[in-house]
Amino acid sequence: VPGFVATYTYRTDADPNDYYFALVFESREAYWANAQSPEQDARYRQWLPLLEGEPEWHDGEIVDIYALQKPA
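These figures come from a predicted structure and were not determined experimentally. (Residues numbered from 1 in each chain as written. Predicted model: local features only at pLDDT ≥ 70, side-chain atom pairs only at ≥ 80, totals over all residues. Heavy atoms only, no water.)

**As for the packing of aromatic side chains**
The relation between two aromatic rings is expressed through the spacing of the ring centres and the mutual angle of the planes. Our working rule: Between the rings of Phe, Tyr and Trp (Trp by its six-membered ring), a pair exists once the centres lie within 6.5 Å; its type follows the angle of the planes, with under 30 degrees stacked, over 60 edge-to-face, and the other angles tilted. Only DSSP runs of H or I with at least four residues qualify as helices, and only runs of E with at least two residues qualify as strands; both kinds are numbered from the N terminus onward. Between buried and exposed lies partly exposed: a residue is buried under 20% and exposed over 50% of the maximum accessible area for its type, with that area taken using a 1.4 Å probe on protein chains only.
Applying the stated criterion to the full structure yields five aromatic pairs. Here the aromatic rings of Phe-4 and Phe-25 are separated by 5.8 Å at their centres, their planes lie at 80°, and the arrangement is edge-to-face. Taken together, the residues Phe-4 in strand 1 (residues 4-11) and Phe-25 in strand 2 (residues 19-25) connect sequence positions 21 residues apart. A relative accessible area of 38% places Phe-4 in the partly exposed class. For the ring pair Phe-25 and Tyr-31, a centre distance of 5.8 Å and an interplane angle of 70° mean the geometry is edge-to-face.

Structure representation (structure tokens):
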């Protein structure tokens, strides 16, 4: 997917069937281009039957990153 950088997947402690995905794109424009593409719609429709219901979407912007690097 053009502009795609990473996905972070979280499983909640409260319910192991509850997942959150944070997708990272190189720019807001790359994100919107993907979100509006027919290819993304096809991928979404392929996975939708595997879910209990439609997912919630929360768009936003990364405003800070703090990460520790692994020792070499």
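**Let's talk about the pattern of salt bridges**
For side chains bearing opposite charge, pairing can occur when the charged atoms are close. For clarity, the threshold we go by: In the sections that follow, a salt bridge refers to a side-chain nitrogen of Lys or Arg positioned within 4 Å of a carboxyl oxygen of Asp or Glu.
For the structure on display, the rule yields two salt bridges. Between Arg-28 and Glu-61 there is a salt bridge, and its shortest N-O distance comes to 3.5 Å. Here Arg-28, found in helix 1 (residues 28-35), pairs with Glu-61, found in the segment after helix 2 (38-47); they are 33 residues apart in sequence, far enough to count as distant. Glu-61 sits in the exposed class, given a relative accessible area of 59%. Two residues, Arg-45 and Asp-41, come together in a salt bridge whose shortest N-O distance is 3.0 Å.

**Quick look at the environment of Gln-40**
Heads up, the condition is: Pairs of residues are marked as contacts when any of their non-hydrogen atoms sit within 4.5 Å.
Mapped onto the secondary structure, Gln-40 falls in helix 2. Taking the C-alpha atoms as reference points, Gln-40 and Asn-17, 23 residues apart in sequence, are found 24 Å from one another. Not counting residues up to four positions away in its chain, the partners in contact with Gln-40 are Asn-34 and Ala-35.

**Here we look at the side chain of Asn-34**
By the secondary structure assignment, Asn-34 is in helix 1. On the accessibility criterion, Asn-34 (12% relative accessible area) is buried. For Asn-34, the contacting residues outside a window of four places in its chain are Val-1, Phe-25, Gln-40 and Arg-43.

**Description of the side chain of Ser-37**
For the record, the criterion: Residues adjacent in sequence count toward polar contacts only when both atoms are side-chain atoms; beyond that, a polar contact is any pair of N or O atoms within 3.5 Å, and within protein one must be able to donate a hydrogen and the other to accept it.
By the element assignment, Ser-37 lies in the loop between helix 1 and helix 2. What makes Ser-37 buried here is its relative accessible area of 14%. In this structure the side chain of Ser-37 is engaged in a polar contact, spanning 2.9 Å, whose partner is the backbone oxygen of Asn-34.

Without other data, these values stay purely geometric and don't point to any function.
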